[in-house]
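# Structure at a glance
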Amino acid sequence: MDTIRLVHTDTLSCEAILRRTPKGSLIIVSQCGGTKEPDPGNRVYLFRSEDEGQTWSKPVPVVPENGKAQYQTEVSVIGNAIYIFMTEHDGNFTGFHSYVVRSTDDGNTFRFFCDVPVKKGFCFVRGMLEYGGKYLFPYQNYPVTARQDAQLQRQGRKIWDSGADFVEMGVLSTSDMRTFEASAREVRLPLRMQDGTPRWVWSEPTLAPLSDGSLAMLLRFDGRGRLYRSLSRDGGQSWEEAEPTEIPNPANKPKLLPLRDGRIALLNTPDARTGYAYRCPLALWVSDDDMRTWKYRRDLVTFPGWLSYPDGICSADGKQILFAFEFNRHDIYFMRADIPPAQ
């Protein structure tokens, strides 16, 4: 049976990510604080549940206070360790530093592990996929140089004023979390409309493996009213040009979840109109034919408002999806949703 619980309310809550710790607790890691995003008051907190999401702890800071604004883009559980991909900045996403913290005590304490490897620029790392004996981390990278970043800081401007013309997506591949390799050929989305008007794109790539061994990447493409898709036929080394799908999206983060039986689940707000107001309903779609069609579609959350950035996991028995989402940019919710049996 579907269940939903309010976890936390703040002046701002953004991109709540749910994972299960090595010892079995549920955690949600989310940006909170400040009045907008980005904002000098943005911080990253961890919430914990020891009773399968019935109750949640008060927020605990992930890293010590240092006066910097913070954002988290991915939480990965590998073996007995939890990795959080962080970005610190000055409140405008400029003066940025992207790095990874790691916990080996079930998420009670985190320590610096490494800088975000390989990619240079303003880089966000997204949801990990285990594939072919490796860990694949999709990324979105904006080629903003150190000189451009310094100029933006002097002018007090935001990162999207950098003049970058594209965002590039690929994967960081590793087998040991020590040595990483980036895609040799990436997929790009333009940051300008056809008339030349600048438009920042939060592409937020999400991955799923297909039955023929290839990889599919779904991309948010702001202003287009639908998700885009790219394929890799060589394990993420190279990516084909992105093409539009028939999946409506109002400029909101989608989340793909490979199911244990080979099907693929998608959490999305399927509305083709663009803007926060159209991030509703929050729906679960399931495909049994490599995302060519989505025969199962069910609205999970329908109360009016902004239902944003769902992210979570499949249960160990493969019967449910557990995830967090933000509501109206203030509230964090936890949800447990039943997965339909395969036909």
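Going by the structure above, here's the rest.
Attention in this report is confined to the structure presented alongside it. Since this is a predicted model, take the numbers as computed values, not measurements.

Here we come to the overall build of the protein chain. For the protein chain, the count of helices and strands is one helix and 26 strands. On the principal axes, the C-alpha backbone points of the protein chain span a range of 55 × 45 × 45 Å. For the protein chain, long-range pairs separated by at least 24 residues make up 51% of all intrachain contacts whose partners lie at least 6 apart in sequence. Entry remark: accessible area of the protein chain is about 14300 Å², with carbon and sulfur atoms responsible for 48%.

A word on the sheet that holds strand β6 (residues 69–78). Taken in spatial order, the four strands of this open sheet run β6-β7-β8-β9, and their pairing is antiparallel. In this open sheet, the two edge strands, each paired with only one partner strand, are β6 and β9 (111–115). Averaged over all pairs of adjacent strands, the angle between strand axes in this sheet comes to 30°, irrespective of strand direction. Across seven bridges, the pairing between strand β7 (residues 81–89) and strand β8 (residues 97–103) is antiparallel. Paired with Y83 across the bridge in β8 is R102.

So, on to the packing of aromatic side chains. Centre distance and the angle of the planes are the two values used to describe a pair of aromatic rings. Under the criterion given, the structure shown has 27 aromatic pairs. Ring centres of Y142 and W202 lie 6.1 Å apart, and the angle between their planes is 75°; this geometry places the pair in the edge-to-face category. Of this pair, Y142 sits in strand β12 (residues 134–142) while W202 sits in the loop between β15 (187–190) and β16 (206–209), and the two are 60 residues apart along the sequence. A relative accessible area of 0% places Y142 in the buried class.

Tracing the chain through its elements places I159 in the loop between α1 (146–155) and β13 (166–174). The spatial distance from the C-alpha of I159 to the C-alpha of D115 is 20 Å, given a sequence separation of 44 residues. Residues within four places of I159 in sequence aside, it is in contact with N92, F93, T94, F96, F122, V144, L152 and W200.

This part is about the environment of P198. Along the chain, P198 falls in the loop between β15 and β16. A residue is classified by how much of its surface remains accessible, and P198, at 57% relative accessible area, is exposed. Here the alpha-carbon distance between P198 and D165, two residues 33 residues apart in the chain, equals 8.1 Å. The contacts of P198, once residues within four sequence positions are left out, are L191 and R192.

Before going further, it helps to examine the nonpolar core. Of all hydrophobic cores here, the largest spans 31 residues; its most connected members are F122, Y142, I159, L189 and L219. Mapped onto this core, the elements with two or more residues apiece are β10 (122–125), β12, β13, β15 and β17 (215–219). Core analysis: the second largest hydrophobic core is formed by 19 residues, L284, L300, F323 and F327 among them.

Turning our attention to the pattern of salt bridges. All chains considered together, the criterion is met by 26 salt bridges. Ionic pairing is found between R233 and E240, a salt bridge with its closest N-O pair at 2.7 Å. For D311, the salt bridge is made with K255, and the minimal N-O distance between the two is 3.4 Å. Placement of the pair is D311 in strand β24 (residues 307–314) and K255 in strand β20 (residues 255–258), with a sequence separation of 56 residues. Assigned by exposure class, D311 and K255 land together as buried. It is possible to trace a salt-bridge network through shared partners that takes in E15, R19, E74, R126, E204, R220, D222, K253, K255 and D311.

Rules behind the numbers
- Residues numbered from 1 in each chain as written.
- Predicted model: local features only at pLDDT ≥ 70, side-chain atom pairs only at ≥ 80, totals over all residues.
- Heavy atoms only, no water.
- Helix = DSSP H or I, 4+ residues; strand = E, 2+ residues; numbered from the N terminus.
- Contact = heavy atoms within 4.5 Å.
- Areas by Shrake-Rupley, 256 points an atom, 1.4 Å probe, with all protein chains shown as cover.
- Pairing = 2+ DSSP bridges.
- Axes fitted to C-alpha atoms, helices over the stretch in contact; angles between N-to-C directions.
- Phe/Tyr/Trp six-rings, centres within 6.5 Å; stacked < 30°, edge-to-face > 60°.
- Buried < 20%, exposed > 50% of the residue type's maximum accessible area, 1.4 Å probe, protein only.
- Core = buried A, V, L, I, M, F, W, Y, C linked by side-chain atoms within 4.5 Å.
- Salt bridge = Lys/Arg side-chain N within 4 Å of Asp/Glu carboxyl O.

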